[in-house]
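If you want the building blocks of each chain, they are given just below.
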Amino acid sequence: EDQVTQSPEALRLQEGESSSLNCSYTVSGLRGLFWYRQDPGKGPEFLFTLYSAGEEKEKERLKATLTKKESFLHITAPKPEDSATYLCAVQAGNNDMRFGAGTRLTVKP
Amino acid sequence: DAGVIQSPRHEVTEMGQEVTLRCKPISGHDYLFWYRQTMMRGLELLIYFNNNVPIDDSGMPEDRFSAKMPNASFSTLKIQPSEPRDSAVYFCASSFLSGTEAFFGQGTRLTVV
């Protein structure tokens, strides 16, 4: 059965303190791995899509990487406005898109 | 495009009543997904459509739940009869192709009392 596991569940950082979020997955026939950001009371907002091991994508202070078993979302010098829940999702050969439980990030000034 | 549009944003209903949630996907998107989000279970995929056809409804919790997509620009999720444990935020999302990102609506917060 396809599984997506995110760690840690929650992460508290000081402003400027870089860190990484993990998403490990087991799927049959990965079509894509997706990172989303979700703010309270809103729908998930798309960040990145990764398709193959070794691929990397960057956007401002965020960088996503992918291996055959996991993905990392690296946050460099975070700011308080980066506080949100970060969700990882995988789309397998059967085309459905399944999400992990998310990492709740808090960045303190 | 205005993005994925869901209505209503909030719904409070009494146990036993019928509830209908509505979704307008992004024009040109071939895939439509319905999700339910709770603190305990996170984002759960309920059902998804491809070209208006339901492909996988294995996530629909019970026969009380049903979903339709009569055309490319409209989908509904119906709960009949509703129960307090159905209280959650329901999201609709759409994507252009398999393997591409899905875009989410703002969600419908359902409270069943």
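Residues numbered from 1 in each chain as written. Chains lettered and ligands numbered in written order. Predicted model: local features only at pLDDT ≥ 70, side-chain atom pairs only at ≥ 80, totals over all residues. Heavy atoms only, no water.

Quick look at the pattern of salt bridges
Residues and elements named next belong to chain B.
Right, on to step 1. For the coordinates displayed, the defined rule picks out 12 salt bridges over all chains.
Right, on to step 2. For Arg 41, the salt bridge identified is with Glu 44, shortest N-O distance 2.7 Å.
Right, on to step 3. Judged by its relative accessible area of 16%, Glu 44 falls in the buried class.
Right, on to step 4. Arg 64 is the salt-bridge partner of Asp 86, the closest N and O atoms lying 2.7 Å from each other. Separated by 22 residues along the polypeptide, Asp 86 in the loop between strand S8 (74-79) and strand S9 (88-95) and Arg 64 in the loop between strand S6 (53-56) and strand S7 (65-71) bring together distant segments of the chain. Neither Asp 86 nor Arg 64 differs from the other in exposure class; each is buried. (Salt bridge = Lys/Arg side-chain N within 4 Å of Asp/Glu carboxyl O. Buried < 20%, exposed > 50% of the residue type's maximum accessible area, 1.4 Å probe, protein only. Helix = DSSP H or I, 4+ residues; strand = E, 2+ residues; numbered from the N terminus.)

Concerning the sheet that holds strand S3 (residues 19-24) of chain B
All names here are of chain B.
Right, on to step 1. Overall, antiparallel pairing links the four strands, which are arranged S1-S3-S8-S7 in an open sheet. Looking at the sheet topology across the chains shown, the edges are occupied by strand S1 (5-7) and S7. Neighbour-to-neighbour, the strand axes of this sheet turn through a mean angle of 15°, independent of strand direction.
Right, on to step 2. Bridge count for S1 against S3 is three bridges, and the pairing is antiparallel. Bridging across to S3, Gln 6 finds its partner in Cys 23. (Pairing = 2+ DSSP bridges. Axes fitted to C-alpha atoms, helices over the stretch in contact; angles between N-to-C directions.)

A word on the pairing of S7(B)
Residues and elements named next belong to chain B.
Right, on to step 1. Alignment of S7 against S8, held across five bridges, turns out to be antiparallel. Of the residues in S8, the one forming a bridge with Ser 66 is Lys 78.
Right, on to step 2. From the end of S7 to the start of S8, which pair antiparallel, there are two residues.

Quick word on the state of the cysteines
Right, on to step 1. Overall, the coordinates contain two disulfides over all chains when judged by the stated rule.
Right, on to step 2. Across a sulfur-sulfur distance of 1.9 Å, Cys23(A) and Cys88(A) are joined as a disulfide pair. Between Cys23(A) and Cys88(A), the S-S dihedral sits near -60°, and the bridge is therefore left-handed. Here Cys88(A) lies in strand S9 (residues 84-91) and Cys23(A) lies in strand S3 (residues 19-26), a separation of 65 residues in the sequence. Accessibility classification places Cys23(A) together with Cys88(A) in one group, the buried group.
Right, on to step 3. The disulfide that involves Cys23(B) links it to Cys92(B), with 1.9 Å between the sulfurs. Handedness of the Cys23(B)-Cys92(B) disulfide follows from its S-S torsion of about -65°: it is left-handed. Residue Cys23(B) is located in strand S3, and its partner Cys92(B) is located in strand S9; the two are separated by 69 residues in the primary sequence.
Right, on to step 4. For Cys92(B), a relative accessible area of 0% translates into the label buried. (Disulfide = S-S within 2.5 Å.)

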